[in-house]
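Residue strings, one per chain:
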Amino acid sequence: MKTVTLSPSGQSVPVADDETVLVALEKGGYALPNNCRAGACGECKVRVLEGQFDQGFVLDMALSQEERKQGFGLMCVAKPLSDRLVIELGSAHMLPKLFPPRESMPYLVVDKIRRTPRIVELQLMPLEAPMRFWPGQYVAIRAPSRQTQPRHYSLARAPRSDGMIVLQITRVEGGITSTWLHDKVTIGSILPLSGPYGTFIGDPKAETPVLCLAAGSGQAPILSLADAALRRGYASPVTLLFSAATADDVYAQGQLAYWTYMHRNFKSLITLTRERRDGMLHGRIPDILPGLFQDLSAYSVFIAGSTAFSDACVTVVKRLGAKDELLHMEKFVDVSAMHSP
(Lines give C-alpha, C1' and ligand atoms only; values in the text may rest on other atoms or scores of the structure.)
Protein backbone atom coordinates (compact mmCIF):
# COMPACT_ATOMS: atom_id res chain seq x y z
CA MET A 1 0.00 0.00 0.00
CA LYS A 2 1.21 3.52 -0.75
CA THR A 3 2.09 5.92 2.08
CA VAL A 4 2.27 9.67 2.63
CA THR A 5 5.01 10.88 4.97
CA LEU A 6 4.99 14.29 6.65
CA SER A 7 8.24 16.23 6.77
CA PRO A 8 9.90 17.11 9.08
CA SER A 9 7.92 15.06 11.63
CA GLY A 10 8.40 11.75 9.78
CA GLN A 11 4.82 10.64 10.55
CA SER A 12 3.21 8.47 7.86
CA VAL A 13 -0.29 7.42 6.87
CA PRO A 14 -1.38 4.72 4.40
CA VAL A 15 -3.18 5.67 1.18
CA ALA A 16 -5.72 3.26 -0.27
CA ASP A 17 -6.06 2.75 -4.02
CA ASP A 18 -7.65 5.74 -5.79
CA GLU A 19 -7.65 7.74 -2.52
CA THR A 20 -6.53 11.37 -2.38
CA VAL A 21 -3.79 12.54 -0.05
CA LEU A 22 -6.27 14.73 1.84
CA VAL A 23 -8.64 11.83 2.53
CA ALA A 24 -5.76 9.64 3.68
CA LEU A 25 -4.51 12.32 6.07
CA GLU A 26 -7.98 12.80 7.53
CA LYS A 27 -8.41 9.07 8.05
CA GLY A 28 -5.02 9.06 9.74
CA GLY A 29 -6.13 11.68 12.24
CA TYR A 30 -4.75 14.86 10.64
CA ALA A 31 -6.54 17.97 9.40
CA LEU A 32 -4.82 19.53 6.44
CA PRO A 33 -6.40 22.97 5.83
CA ASN A 34 -8.94 22.64 3.03
CA ASN A 35 -12.11 24.17 1.71
CA CYS A 36 -13.48 23.21 -1.69
CA ARG A 37 -12.08 19.65 -1.94
CA ALA A 38 -12.15 20.07 -5.72
CA GLY A 39 -8.90 21.79 -6.71
CA ALA A 40 -10.43 25.26 -6.87
CA CYS A 41 -9.49 27.21 -3.73
CA GLY A 42 -5.82 26.38 -3.04
CA GLU A 43 -6.23 25.96 0.72
CA CYS A 44 -4.60 22.49 0.72
CA LYS A 45 -1.49 23.54 -1.22
CA VAL A 46 1.75 21.91 0.00
CA ARG A 47 5.17 21.14 -1.48
CA VAL A 48 5.90 17.54 -2.44
CA LEU A 49 9.50 16.72 -1.50
CA GLU A 50 9.73 13.15 -2.76
CA GLY A 51 7.69 10.82 -4.97
CA GLN A 52 5.30 11.16 -7.88
CA PHE A 53 1.60 12.00 -7.82
CA ASP A 54 -1.32 12.53 -10.17
CA GLN A 55 -2.43 16.10 -9.61
CA GLY A 56 -5.70 15.74 -11.48
CA PHE A 57 -7.55 18.78 -12.83
CA VAL A 58 -7.05 21.99 -10.86
CA LEU A 59 -7.56 25.67 -11.62
CA ASP A 60 -4.54 27.86 -12.35
CA MET A 61 -5.85 30.43 -9.85
CA ALA A 62 -5.51 27.76 -7.15
CA LEU A 63 -2.17 26.34 -8.30
CA SER A 64 -0.12 28.39 -10.75
CA GLN A 65 2.18 26.88 -13.37
CA GLU A 66 5.18 28.30 -11.51
CA GLU A 67 4.04 26.66 -8.26
CA ARG A 68 3.69 23.34 -10.07
CA LYS A 69 7.29 23.63 -11.31
CA GLN A 70 8.37 24.25 -7.70
CA GLY A 71 6.77 20.97 -6.61
CA PHE A 72 3.59 22.27 -5.02
CA GLY A 73 0.35 20.33 -5.30
CA LEU A 74 -3.25 20.46 -4.14
CA MET A 75 -3.75 17.49 -1.86
CA CYS A 76 -7.55 17.46 -2.09
CA VAL A 77 -7.32 15.97 -5.59
CA ALA A 78 -3.72 14.65 -5.65
CA LYS A 79 -3.27 10.86 -5.72
CA PRO A 80 0.10 9.15 -5.12
CA LEU A 81 1.67 7.29 -8.04
CA SER A 82 4.83 6.18 -6.21
CA ASP A 83 4.79 3.91 -3.17
CA ARG A 84 6.06 6.75 -0.94
CA LEU A 85 5.09 10.40 -1.14
CA VAL A 86 6.79 12.92 1.17
CA ILE A 87 5.09 16.27 1.70
CA GLU A 88 6.39 19.34 3.49
CA LEU A 89 4.00 19.70 6.38
CA GLY A 90 5.08 19.72 10.01
CA SER A 91 2.74 19.09 12.90
CA ALA A 92 2.88 22.79 13.83
CA HIS A 93 0.84 23.55 10.72
CA MET A 94 -1.85 20.97 11.34
CA LEU A 95 -4.83 20.86 13.65
CA PRO A 96 -5.82 17.70 15.51
CA LYS A 97 -8.82 16.07 13.92
CA LEU A 98 -10.56 13.77 16.36
CA PHE A 99 -13.46 12.86 14.11
CA PRO A 100 -12.47 11.25 10.78
CA PRO A 101 -15.13 11.81 8.09
CA ARG A 102 -17.59 9.09 7.12
CA GLU A 103 -19.45 8.65 3.85
CA SER A 104 -23.17 8.35 3.08
CA MET A 105 -24.50 8.61 6.63
CA PRO A 106 -28.34 8.44 6.54
CA TYR A 107 -30.10 11.44 8.07
CA LEU A 108 -33.87 11.96 8.26
CA VAL A 109 -35.34 15.39 7.53
CA VAL A 110 -37.47 16.16 10.61
CA ASP A 111 -38.22 19.79 9.79
CA LYS A 112 -37.93 22.18 6.85
CA ILE A 113 -38.21 25.90 7.52
CA ARG A 114 -38.04 28.73 5.00
CA ARG A 115 -35.80 31.32 6.63
CA THR A 116 -35.67 33.84 3.77
CA PRO A 117 -36.94 33.87 0.15
CA ARG A 118 -33.67 32.17 -0.86
CA ILE A 119 -32.61 30.21 2.24
CA VAL A 120 -34.28 27.08 3.59
CA GLU A 121 -33.28 25.38 6.83
CA LEU A 122 -33.20 21.60 7.12
CA GLN A 123 -33.17 19.95 10.54
CA LEU A 124 -31.84 16.41 10.36
CA MET A 125 -31.68 13.49 12.76
CA PRO A 126 -29.25 10.56 12.37
CA LEU A 127 -30.62 7.11 11.59
CA GLU A 128 -27.34 5.49 12.62
CA ALA A 129 -24.51 6.61 14.90
CA PRO A 130 -24.52 10.43 14.93
CA MET A 131 -21.73 12.30 13.23
CA ARG A 132 -19.16 13.90 15.52
CA PHE A 133 -17.87 17.25 14.36
CA TRP A 134 -16.26 20.52 15.36
CA PRO A 135 -18.37 23.70 15.18
CA GLY A 136 -17.60 25.46 11.90
CA GLN A 137 -17.22 22.29 9.81
CA TYR A 138 -19.38 21.24 6.86
CA VAL A 139 -20.88 18.19 5.16
CA ALA A 140 -21.17 17.11 1.53
CA ILE A 141 -24.44 16.21 -0.22
CA ARG A 142 -24.83 14.85 -3.73
CA ALA A 143 -28.15 15.22 -5.57
CA PRO A 144 -29.54 11.94 -7.02
CA SER A 145 -27.96 12.51 -10.43
CA ARG A 146 -24.74 11.11 -11.84
CA GLN A 147 -24.12 14.46 -13.51
CA THR A 148 -23.64 16.38 -10.25
CA GLN A 149 -20.68 16.92 -7.99
CA PRO A 150 -21.10 16.88 -4.17
CA ARG A 151 -22.05 20.27 -2.76
CA HIS A 152 -20.85 21.51 0.63
CA TYR A 153 -23.10 22.92 3.36
CA SER A 154 -21.94 24.26 6.70
CA LEU A 155 -23.34 22.89 9.93
CA ALA A 156 -25.35 25.74 11.45
CA ARG A 157 -25.58 24.50 15.01
CA ALA A 158 -23.08 23.27 17.56
CA PRO A 159 -23.07 19.50 18.30
CA ARG A 160 -26.07 18.26 20.30
CA SER A 161 -26.45 15.21 22.47
CA ASP A 162 -29.29 13.85 20.30
CA GLY A 163 -27.19 14.14 17.13
CA MET A 164 -29.44 16.65 15.34
CA ILE A 165 -27.69 18.79 12.75
CA VAL A 166 -28.97 21.91 10.98
CA LEU A 167 -28.20 23.01 7.43
CA GLN A 168 -29.13 26.35 5.84
CA ILE A 169 -29.32 26.03 2.06
CA THR A 170 -29.19 29.00 -0.31
CA ARG A 171 -31.00 28.49 -3.61
CA VAL A 172 -28.44 28.97 -6.38
CA GLU A 173 -29.68 29.96 -9.82
CA GLY A 174 -29.27 26.88 -12.00
CA GLY A 175 -27.90 24.85 -9.08
CA ILE A 176 -29.04 21.23 -9.34
CA THR A 177 -28.38 20.32 -5.71
CA SER A 178 -29.78 23.46 -4.06
CA THR A 179 -32.89 23.33 -6.30
CA TRP A 180 -33.41 19.67 -5.37
CA LEU A 181 -33.05 20.42 -1.66
CA HIS A 182 -35.43 23.38 -1.89
CA ASP A 183 -38.11 21.85 -4.14
CA LYS A 184 -37.95 18.05 -3.85
CA VAL A 185 -36.65 17.15 -0.39
CA THR A 186 -39.44 17.11 2.19
CA ILE A 187 -39.98 16.23 5.84
CA GLY A 188 -39.44 12.48 6.05
CA SER A 189 -36.86 12.38 3.25
CA ILE A 190 -33.59 10.56 3.96
CA LEU A 191 -30.39 12.31 2.91
CA PRO A 192 -26.97 10.61 2.68
CA LEU A 193 -24.38 12.97 4.18
CA SER A 194 -20.59 12.72 4.06
CA GLY A 195 -18.31 14.48 6.50
CA PRO A 196 -17.43 16.31 8.57
CA TYR A 197 -14.94 18.33 6.55
CA GLY A 198 -13.07 21.60 6.86
CA THR A 199 -10.79 23.35 9.32
CA PHE A 200 -12.84 26.50 9.92
CA ILE A 201 -12.74 25.87 13.65
CA GLY A 202 -11.72 27.97 16.60
CA ASP A 203 -8.94 27.31 19.06
CA PRO A 204 -10.60 26.09 22.29
CA LYS A 205 -7.71 27.63 24.27
CA ALA A 206 -8.10 31.11 22.75
CA GLU A 207 -9.08 33.97 25.02
CA THR A 208 -8.95 36.85 22.54
CA PRO A 209 -11.89 39.07 21.57
CA VAL A 210 -13.68 37.57 18.57
CA LEU A 211 -15.04 39.27 15.44
CA CYS A 212 -17.23 37.23 13.07
CA LEU A 213 -18.02 38.53 9.58
CA ALA A 214 -20.63 36.75 7.45
CA ALA A 215 -22.82 37.28 4.41
CA GLY A 216 -25.82 35.24 3.26
CA SER A 217 -25.77 31.62 4.38
CA GLY A 218 -22.16 32.24 5.42
CA GLN A 219 -23.79 32.94 8.74
CA ALA A 220 -24.35 29.19 9.23
CA PRO A 221 -20.84 28.18 10.37
CA ILE A 222 -20.59 31.40 12.37
CA LEU A 223 -23.76 30.48 14.25
CA SER A 224 -22.31 27.06 15.04
CA LEU A 225 -19.05 28.55 16.32
CA ALA A 226 -20.80 31.21 18.40
CA ASP A 227 -23.28 28.72 19.83
CA ALA A 228 -20.48 26.41 21.00
CA ALA A 229 -18.35 29.24 22.42
CA LEU A 230 -21.17 30.89 24.37
CA ARG A 231 -22.45 27.59 25.75
CA ARG A 232 -19.03 26.74 27.13
CA GLY A 233 -18.79 30.11 28.86
CA TYR A 234 -16.47 32.04 26.54
CA ALA A 235 -15.87 35.29 28.44
CA SER A 236 -14.12 37.59 25.95
CA PRO A 237 -16.17 39.94 23.73
CA VAL A 238 -17.79 38.30 20.70
CA THR A 239 -19.13 40.51 17.89
CA LEU A 240 -21.04 39.14 14.90
CA LEU A 241 -21.43 41.43 11.88
CA PHE A 242 -23.85 40.05 9.28
CA SER A 243 -24.45 41.45 5.81
CA ALA A 244 -27.61 40.98 3.74
CA ALA A 245 -29.06 42.66 0.67
CA THR A 246 -32.43 43.53 2.22
CA ALA A 247 -34.23 43.03 5.52
CA ASP A 248 -36.07 40.07 3.98
CA ASP A 249 -32.69 38.34 3.59
CA VAL A 250 -31.87 38.55 7.31
CA TYR A 251 -32.46 35.44 9.41
CA ALA A 252 -31.68 34.01 12.87
CA GLN A 253 -32.56 37.36 14.48
CA GLY A 254 -34.35 35.59 17.32
CA GLN A 255 -31.28 33.49 18.11
CA LEU A 256 -29.04 36.56 18.00
CA ALA A 257 -31.41 38.50 20.26
CA TYR A 258 -31.43 35.63 22.76
CA TRP A 259 -27.64 35.47 22.86
CA THR A 260 -27.48 39.24 23.32
CA TYR A 261 -29.87 39.02 26.26
CA MET A 262 -28.21 36.01 27.89
CA HIS A 263 -24.54 36.88 27.31
CA ARG A 264 -23.28 40.36 28.14
CA ASN A 265 -20.14 39.77 26.07
CA PHE A 266 -22.10 39.04 22.84
CA LYS A 267 -23.13 41.70 20.33
CA SER A 268 -24.64 41.37 16.86
CA LEU A 269 -24.82 43.98 14.11
CA ILE A 270 -26.71 43.73 10.83
CA THR A 271 -25.91 45.76 7.75
CA LEU A 272 -28.01 45.99 4.58
CA THR A 273 -26.50 46.70 1.17
CA ARG A 274 -29.60 47.48 -0.91
CA GLU A 275 -31.94 49.29 1.46
CA ARG A 276 -32.02 51.26 4.69
CA ARG A 277 -33.88 50.19 7.84
CA ASP A 278 -34.03 51.65 11.34
CA GLY A 279 -31.83 49.77 13.77
CA MET A 280 -29.61 48.36 11.03
CA LEU A 281 -26.39 49.58 9.46
CA HIS A 282 -26.08 50.32 5.76
CA GLY A 283 -23.26 49.33 3.41
CA ARG A 284 -20.88 46.49 2.60
CA ILE A 285 -18.89 45.09 5.52
CA PRO A 286 -15.49 45.94 3.98
CA ASP A 287 -16.64 49.55 3.60
CA ILE A 288 -18.11 50.09 7.07
CA LEU A 289 -15.71 47.98 9.14
CA PRO A 290 -13.03 50.69 9.62
CA GLY A 291 -15.67 52.90 11.19
CA LEU A 292 -16.54 50.20 13.72
CA PHE A 293 -13.06 48.89 14.62
CA GLN A 294 -9.81 50.81 14.55
CA ASP A 295 -7.45 48.04 15.69
CA LEU A 296 -7.97 44.29 15.19
CA SER A 297 -4.48 43.19 16.17
CA ALA A 298 -5.73 41.43 19.31
CA TYR A 299 -8.82 39.85 17.71
CA SER A 300 -9.53 36.39 16.41
CA VAL A 301 -11.37 37.06 13.15
CA PHE A 302 -13.70 34.57 11.45
CA ILE A 303 -14.92 35.29 7.90
CA ALA A 304 -17.48 33.21 5.99
CA GLY A 305 -19.11 33.92 2.65
CA SER A 306 -18.40 33.96 -1.08
CA THR A 307 -14.84 34.15 -2.34
CA ALA A 308 -15.27 37.81 -3.33
CA PHE A 309 -16.74 38.70 0.07
CA SER A 310 -14.05 36.84 2.00
CA ASP A 311 -11.18 38.30 -0.03
CA ALA A 312 -12.51 41.85 0.40
CA CYS A 313 -12.92 41.37 4.15
CA VAL A 314 -9.43 39.90 4.50
CA THR A 315 -7.91 42.94 2.82
CA VAL A 316 -9.64 45.28 5.26
CA VAL A 317 -9.05 43.33 8.47
CA LYS A 318 -5.36 42.99 7.68
CA ARG A 319 -5.21 46.73 7.08
CA LEU A 320 -6.71 47.09 10.57
CA GLY A 321 -3.97 44.94 12.06
CA ALA A 322 -5.47 41.42 12.09
CA LYS A 323 -2.76 38.77 12.44
CA ASP A 324 -2.54 35.81 10.07
CA GLU A 325 -2.43 33.30 12.92
CA LEU A 326 -5.72 34.67 14.31
CA LEU A 327 -7.49 34.91 10.94
CA HIS A 328 -9.89 32.11 9.95
CA MET A 329 -11.71 31.98 6.61
CA GLU A 330 -14.31 29.84 4.93
CA LYS A 331 -14.77 30.75 1.28
CA PHE A 332 -17.76 29.29 -0.50
CA VAL A 333 -16.15 28.30 -3.81
CA ASP A 334 -18.45 27.47 -6.74
CA VAL A 335 -16.81 24.45 -8.34
CA SER A 336 -19.60 23.76 -10.83
CA ALA A 337 -17.81 25.63 -13.62
CA MET A 338 -14.82 23.29 -13.28
CA HIS A 339 -16.90 20.36 -14.42
CA SER A 340 -18.84 22.11 -17.17
CA PRO A 341 -18.05 21.29 -20.81
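Everything below is about the structure shown above.
Presented here is a report on the structure given in the accompanying data block.

Parameters and conventions
Here, residues in each chain are numbered from 1, in the same order as that chain's written sequence. Local features in a predicted model are, by the rule used here, given only for residues with pLDDT of at least 70; side-chain atom pairs are given and counted only at 80 or more, and totals for whole chains, interfaces and linings are based on all residues. Computation of side-chain values covers all heavy atoms of the structure but excludes hydrogens and water. Whenever Lys or Arg places a side-chain nitrogen within 4 Å of a carboxyl oxygen from Asp or Glu, that contact is recorded as a salt bridge. For helices the rule is a DSSP run of H or I covering at least 4 residues; for strands it is a run of E covering at least 2, with both sets numbered from the N terminus onward. Buried, partly exposed and exposed residues are distinguished by accessible area as a fraction of the type maximum, computed with a 1.4 Å probe on protein chains only: under 20%, between the cut-offs, and over 50%, respectively. Two strands qualify as a pair provided that DSSP identifies no fewer than 2 bridges between them. Angles shown run from 0 to 180 degrees and are taken between the N-to-C directions of axes, each axis being a line fitted to C-alpha atoms and, for helices, limited to the stretch in contact. The contact criterion used throughout is that any non-hydrogen atoms of two residues lie within 4.5 Å. The aromatic pairing rule takes the rings of Phe, Tyr and Trp, using the six-membered ring of Trp, and pairs them if the centres are within 6.5 Å, calling planes under 30 degrees apart stacked, those over 60 edge-to-face and the rest tilted. The reported arc concerns the directions from the helix axis to the C-beta atoms and nothing else.

**Observations regarding the pattern of salt bridges**
Reasoning step 1: For the structure shown, the criterion picks out 14 salt bridges.
Reasoning step 2: As a salt-bridge pair, glutamate 26 and arginine 37 come within 2.9 Å of each other at their nearest N and O atoms. Of this pair, glutamate 26 sits in helix α1 (residues 21–27) while arginine 37 sits in the loop between β3 (30–31) and β4 (45–50); the two residues are 11 residues apart in sequence, bridging distant segments of the chain.
Reasoning step 3: Two residues, aspartate 60 and arginine 68, come together in a salt bridge whose shortest N-O distance is 2.9 Å.
Reasoning step 4: Relative accessible area serves as the criterion here: at 28%, arginine 68 is assigned to the partly exposed category.

**Brief notes about the sheet that holds strand β6 (residues 72–74)**
Reasoning step 1: Strand order in the open sheet made by the 5 strands is β2-β1-β8-β4-β6, with mixed pairing throughout. Each of the sheet's edge strands pairs with one partner strand only, and the pair in question is β2 (12–15) and β6. Averaged over neighbouring strand pairs, the angle between their axes works out to 40 degrees when direction is ignored.
Reasoning step 2: Bridge count between β4 and strand β8 (residues 84–88): 2 bridges; the pairing is antiparallel. Paired with valine 48 across the bridge in β8 is isoleucine 87.

**Focus on the side chain of serine 300**
Reasoning step 1: Tracing the chain through its elements places serine 300 in strand β20 (residues 300–306).
Reasoning step 2: Accessibility expressed as a relative area gives 4% for serine 300, which makes it buried.
Reasoning step 3: Filtering out sequence-adjacent residues up to four positions away, serine 300 remains in contact with Thr208, Pro209, Val210, Leu211 and Leu326.

**Looking at the packing of aromatic side chains**
Reasoning step 1: Summed over the entire model, instances satisfying the criterion amount to 5 aromatic pairs.
Reasoning step 2: Look at tyrosine 138 and tyrosine 197: their rings are 5.9 Å apart centre to centre, the planes differ by 50 degrees, and that puts the pair in the tilted class. Of this pair, tyrosine 138 sits in strand β12 (residues 138–141) while tyrosine 197 sits in strand β15 (residues 190–197), and the two are 59 residues apart along the sequence.
Reasoning step 3: For the ring pair phenylalanine 242 and tyrosine 251, a centre distance of 6.0 Å and an interplane angle of 85 degrees mean the geometry is edge-to-face. In terms of burial, phenylalanine 242 and tyrosine 251 fall into one category: buried.

**Quick word on unusual backbone geometry**
Reasoning step 1: Cis geometry marks the peptide bond from serine 7 to proline 8; its omega dihedral reads 20 degrees.
Reasoning step 2: You can see proline 8 is positioned in the loop between β1 (2–7) and β2.
Reasoning step 3: Note the cis peptide between glycine 195 and proline 196, where omega equals 5 degrees.
Reasoning step 4: Here proline 196 shows up in strand β15.
Reasoning step 5: With a phi close to 65 degrees, aspartate 18 is a non-glycine residue in the positive phi region.
Reasoning step 6: By the element assignment, aspartate 18 lies in the loop between β2 and α1.
Reasoning step 7: A relative accessible area of 64% places aspartate 18 in the exposed class.
Reasoning step 8: One non-glycine residue, serine 104, lies in the positive phi region at around 50 degrees.
Reasoning step 9: Structurally, serine 104 is set in strand β10 (residues 102–114).

**Things to note about the pairing of strand β11 (residues 119–126)**
Reasoning step 1: The element β11 is extensively covered by neighbouring structure, given that 7 of its 8 residues are classed as buried.
Reasoning step 2: In this structure, β10 lies alongside β11, joined through 7 bridges in antiparallel fashion. Within β11, the residue paired with tyrosine 107 across the bridge is proline 126.
Reasoning step 3: Summarising the sheet, β11 and strand β14 (residues 165–170) pair through 6 bridges and their orientation is antiparallel. Counterpart to glutamate 121 in the pairing with β14 is glutamine 168.

**Some details on helix α6 (residues 285–292)**
Reasoning step 1: When we look at burial in α6, the residues that qualify are Ile285, Pro286, Ile288 and Leu289. Across the axial projection of α6, the buried residues extend over an arc of 165 degrees, all falling on one side. For α6, the exposed residues set more than 90 degrees away from the buried face come down to Asp287 and Gly291.

**Examining the pairing of β8**
Reasoning step 1: Across 5 bridges, the pairing between β1 and β8 is parallel. Across the sheet, leucine 6 pairs through a bridge with isoleucine 87, a residue of β8.

**Overview of the environment of valine 185**
Reasoning step 1: Tracing the backbone through its elements, the reader meets valine 185 in the loop between α3 (176–183) and β15.
Reasoning step 2: Beyond its immediate sequence surroundings of up to four residues, valine 185 is in contact with Val109, Lys112, Trp180 and Leu191.

**Structural notes on the environment of leucine 167**
Reasoning step 1: Here leucine 167 lies in strand β14.
Reasoning step 2: On the basis of relative accessibility, which here comes to 0%, the residue leucine 167 falls in the buried class.
Reasoning step 3: Setting aside chain neighbours within four positions, we find leucine 167 in contact with Val120, Glu121, Leu122, Leu124, Val139, Ile141, Tyr153, Ser154 and Leu155.

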